[in-house]
Amino acid sequence: MTFRERLQSWRYNLVPDHLVGEILTKRWTDNAIPFLALVITVAGFGTAIPGFFKIASLQDSTRQLGEFSIVVTGLVVVMLGGGIDLSVGSIFALSCFAAVSVFFIFEQPVWMALAAAIATGLACGAINGYLVGVLRLRAFLTTLVTFIIGRALFDILVVNFAAQIQMSMAMSDVWDFIGDGTLFGFSISVLTAIVFAIVTHIALTRSRPGWHVLAVGGSRRSAHNAGIRVKRTVFLTYVFSGFCASIAGFLIATRLSGAGPGTGLNLEILALTAAVVGGNSLGGGRGSVVKGLMGAIVVLVMTNGLIRLGYGTGTNQMVLGLMLAVAVIIDIRWLKNRHKVLNEVYVAPVYLKMGETQSAAPGSGTPYELDNRLSETDYIGLGELEGPEDVILDRDDNLYCGTRHGEIVRFFAPDYKRSEVFAHIGGFPLGLAFDKSGNLISCVGAMGLYSVSPGREVKRLSAETARSFTSIVDDARLRDPNDCDVAPDGRIYFTDSTKRYDAHDWALDSIENRATGRLLVYDPRDGSTKTLLDGYRYANGVCMAHDGKSLFFAESWACRVHRYWLEGPKAGTAECVIKDMPGYPDNINRASDGNYWMAWLGMRTPSFDLSLRHPGMRKRMTRRLPQDDWLFPNINTGGVVKFSETGNIVETLGDLSGVSHPMVTSMREHKGYLYVGGILNNRVGRYRIPGADESWTGLNSYWGGGK
């Protein structure tokens, strides 16, 4: 390797530029900007204002924050449901007046004042909910009207009854404790806000009504088509917003023991700014309570900080307006262009120099020399299948294969002209294997490891493994489970080809060529799934060795086959037994003569091998060219290879005509025939193997007995 090649290898293999794309796919990255704004705001005003972090100052600020956060929480729920509530300020003020009037004018107990505040908030919220949710009026105009009416009503009540409130002699230790007391060092308003935030967050993320709110906010039409009661859901979001505003109004009533013309003034603007600055989308369906709380802290610290620095109301309003404008621009532009940014940065190819290989061309005289024997295959299910990636036969000689439509199809012996859907799993059933009890095990692309009993009962065995502590991408999820095999003790060994891409994005994985494939094991005794090996370029076919003490698995993009030891002095380790092949290996299965069959899904080409040494070119290619013009592995011409325990090539079969089976992803020997499958084929091929044992079956090889 030259110095330049070493430099390229370091640049593309060691520099984790792919992490940028992985980070941007995470939902928590939406919190990065509001969190950064929060840190800058608190640090900036804390530095500029002497005594900003003193206990007395913080206690007064946190009481305001508690009341404000409760209002913001209610507004966030409305926004997540696709609406907006401009009346929270007037509901807050009316609820405050209801509480103080019941307590001071009518001299009723505290719980009656709380009930009056809540009843006021629920009534106002129900009016908004009915108008917006049931009558389907415009949320912005409707809540603007109710805000104006509510504010006017509050001003009339304050003018007429303010004197009676101020002259009242009503007193209560409970009232004073709620307004000025602390519990465990926290004010009651802060503790209430925390409880509201936790309960609301759990409800939105863990309950059916919460999921309905997010679904309605994402798309009301789709939510309606899915059977969600959209009108009721929207109605309840406004009722909840009114409830939150009423609780906050009661808390400020106990803190100030009164209500004046400034109560709740401009609160709707502050709450809306906080919700949007926190990262909640105005379009609905995207956001969280946590984001609302971050926005509430930013807005309140900014507002109070500017006042303490001597700036007037005009400056405050201007800053809030600018913050709201910037937040709206970021929300709209990021929501619209996020996928474009991801397309630009997610695919991060690495440098790889493939080893020199022997030719597979006819007449080359190498062990890999392809012939034309696969062109002699008979067809099974011609035109009835779409994508039989793997094939397998049972003890009654019936043939099974998966299809792109999520079905496993069974063809009945002996002529295989009659077929039926054996099981519908969904996804794309890929690798197949029978366990000792006759259950058909299947790797299902993007779904996991599944089992189908002889009675056709479908059961999911595994969909995840333990997550790596150092991984940013969620590598616990099985994204591309590919092939599987069953050990004598019942454990199922299978591959997950890539942790970064789903099965249908195999071309992107081949172009990127990162070592993200792995070998896993599922233990039916405790239902656990463990990762045994990691760091392979598209881990693929799996096959137990004849003695059951080791297994072979393919590494497609590296053109290698490895052997993993289950027992003996090498247990738990892997070694490469075949490397630098001219073809890309896929499924591996046992042969009757003690050797192993291996599929080549395609053949290496000089052009793609060269592109692997130029990751920058591949990166530009994926960004500038349509996918039809990309350069990726040739999968139109393949073959079948037989190799020994030690990795020696015994024979190679091909289809030089390009008609019968030019592309092969699997093959299975059974009673003297080789059954051939291909993920791009519309049939299964059957080739008679000269001199093969016509009594040998794979099931007998694994489990003995039977026919």
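Our subject is the structure that appears above.
For clarity, every value in this text was computed on a predicted model and none was experimentally measured.

(A) Examining helix H13 (residues 267-277) more closely. Counting buried residues along H13, ten of its eleven residues qualify, which places the element largely inside the surrounding structure. Within the span of H13, buried status applies to Leu267, Glu268, Leu270, Ala271, Leu272, Thr273, Ala274, Ala275, Val276 and Val277. Glycine 279 occupies a position one or two residues after H13 and carries a positive phi of about 105 degrees.

(B) Local environment of the pattern of salt bridges. Throughout the structure, instances matching the rule amount to 23 salt bridges. With a closest N to O distance of 4.0 Å, arginine 151 and aspartate 155 form a salt bridge. Here aspartate 155 and arginine 151 lie together in helix H7 (residues 139-167), a separation of four residues that amounts to about one turn. Overall, the relative accessible area of 10% leaves arginine 151 in the buried class. Relative accessible area serves as the criterion here: at 33%, aspartate 155 is assigned to the partly exposed category.

(C) Main features of the pairing of strand S14 (residues 517-523). Burial runs high along S14: seven of the seven residues are buried. Of the two faces of S14, the one lined by Gly517, Leu519, Val521 and Asp523 and the one lined by Arg518, Leu520 and Tyr522 are each fully buried. The sheet contact formed by strand S13 (residues 492-496) and S14 spans five bridges and is antiparallel. Pairing of threonine 495 across the sheet is with leucine 519, part of S14. As judged from the seven bridges shared by S14 and strand S15 (residues 528-536), these two strands associate in the antiparallel manner. What sits directly across from arginine 518, in S15, is aspartate 534. Remark: four residues form the turn of the hairpin made by S14 and S15, two consecutive strands paired antiparallel; glycine 527 in that turn has positive phi of roughly 75 degrees.

(D) Up close: the packing of aromatic side chains. Under the criterion given, the structure shown has 21 aromatic pairs. Summarising the aromatic geometry, the rings of tyrosine 416 and tyrosine 675 are spaced 6.0 Å apart at their centres and angled 75 degrees between planes, so their arrangement reads as edge-to-face. One end of the pair, tyrosine 416, is in the loop between strand S6 (407-411) and strand S7 (419-424); the other, tyrosine 675, is in strand S25 (residues 673-677), and 259 residues separate them in sequence. With a relative accessible area of 5%, tyrosine 416 lands in the buried category. Between tyrosine 536 and phenylalanine 553, the ring centres sit 5.1 Å apart and the planes meet at 85 degrees, which makes this aromatic pair edge-to-face. In this pair, tyrosine 536 is assigned in strand S15 and phenylalanine 553 in strand S17 (residues 550-555), connecting sequence segments 17 residues apart. A residue is classified by how much of its surface remains accessible, and tyrosine 536, at 13% relative accessible area, is buried. Between the NZ or CZ atom of arginine 418 and the centre of the ring of phenylalanine 412, over which it lies, the distance is 4.1 Å. One residue, arginine 686, lies across the ring of tyrosine 673, its end atom 4.7 Å from the ring centre.

Thresholds, definitions, all that
- Residues numbered from 1 in each chain as written.
- Predicted model: local features only at pLDDT ≥ 70, side-chain atom pairs only at ≥ 80, totals over all residues.
- Heavy atoms only, no water.
- Buried < 20%, exposed > 50% of the residue type's maximum accessible area, 1.4 Å probe, protein only.
- Helix = DSSP H or I, 4+ residues; strand = E, 2+ residues; numbered from the N terminus.
- Salt bridge = Lys/Arg side-chain N within 4 Å of Asp/Glu carboxyl O.
- Pairing = 2+ DSSP bridges.
- Phe/Tyr/Trp six-rings, centres within 6.5 Å; stacked < 30°, edge-to-face > 60°.
- Lys NZ or Arg CZ within 6 Å of the ring centre and 35° of its normal.

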